[in-house]
Amino acid sequence: GPLPTTIKPQRLTAGQEAIAGGTAGFAARITVAPIDLVKIRLQLQRNYVGDYAQGLAGSKSLPKYTGMWQTMRTVAAEEGCFALWKGNVPAQLMVMSFVAIKFSTYNQFKNWIHSKYSDFAHSGAQKER
C-alpha cells in the first residue's frame with residue numbers, strides 16, 4: 001500500500017524511557033568496562049611506580065603494567081579475556097539505574113514543562129526579544 005506522508009511522533013511512557021535508558025547504560029558500561037579495569041590496575045600500582053622511579057623500591061623489577069594496551073594484553077593472557085570485565089556487575093547495575101532514571105525523569109520533566117508553557121512559546125513573546 002501507499003506509504004503515509006507524515007508520521008506523528010509518539011511520546012514514550014516513563015517506563016519505556018527507563019527501559020531505553022537502562023539498555024543504553026548497559027551497552028555503554030559493558031563497552032568501557034575493560035578500559036575501567038585497566039585504569040584501576042594502573043592506578044593501584046602508581047605508588048609502586050613512583051617508588052621505583054625514585055629508587056626506593058625493595059625490588060628493582062619493572063612495574064607489571066606499563067600502559068593501556070600492555071595491561072589489557074597481560075590481563076587477558078594471565079587471567080583470561082573475561083577478566084577484563086571482572087567486578088563489572090555492581091558498576092553495570094549502577095550505570096543502568098542511573099541512565100534509566102536520567103532518561104525517564106528528563107523526558108517526563110521536559111514534556112511537562114513544554115505542555116505547561118507551550119502557549120507562552122507560541123504566543124510571540126519570544127519574538128519581542
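If you're wondering where the values come from, they're calculated on a predicted model, not measured in any experiment.

Trainee: So what's going on with a nonpolar patch on the surface? Residues and values would help.
Mentor: A cluster of nonpolar side chains, Phe26, Ile30, Phe82 and Trp85, forms an exposed patch at the surface whose accessible area comes to about 440 Å². Topologically, Phe82 is positioned in the loop between helix H3 (68-79) and helix H4 (88-122).

Trainee: A description of helix H1 (residues 14-44) should follow, citing residues and the corresponding values.
Mentor: Ala33 marks where H1 bends most, by close to 45°; the proline Pro34 follows one to four residues later. Residues of H1 that are buried include every one of Glu17, Gly21, Gly22, Gly25, Arg29, Ala33, Pro34, Leu37, Val38 and Arg41, and no others.

Trainee: I'd love a proper account of H3, names of residues and values included.
Mentor: For H3, spanning 12 residues, the distance from its first C-alpha to its last is 16 Å, which sits close to the expected 16 Å at 1.5 Å a residue. All of the buried residues along H3 are Thr71, Met72, Thr74 and Val75. One side of H3 holds all its buried residues, which, seen down the axis, span an arc of 165°. Exposed side of H3, more than 90 degrees from the buried face: Trp69, Arg73 and Ala77 are the residues found there. Buried residues belonging to H3 abut H1. Phi turns positive one or two residues past the end of H3, at Gly80, with a value near 95°.

What counts as what
Residues numbered from 1 in each chain as written. Predicted model: local features only at pLDDT ≥ 70, side-chain atom pairs only at ≥ 80, totals over all residues. Heavy atoms only, no water. Patch = residues over 30% accessible without salt bridge, like charges linked within 9 Å, V, L, I, M, F, W, Y side chains within 5 Å. Areas by Shrake-Rupley, 256 points an atom, 1.4 Å probe, with all protein chains shown as cover. Salt bridge = Lys/Arg side-chain N within 4 Å of Asp/Glu carboxyl O. Helix = DSSP H or I, 4+ residues; strand = E, 2+ residues; numbered from the N terminus. Bend = angle between axes of the 7 residues up to and from the residue. Buried < 20%, exposed > 50% of the residue type's maximum accessible area, 1.4 Å probe, protein only. Expected span 1.5 Å × (residues − 1). Arc of directions from axis to C-beta. Contact = heavy atoms within 4.5 Å.

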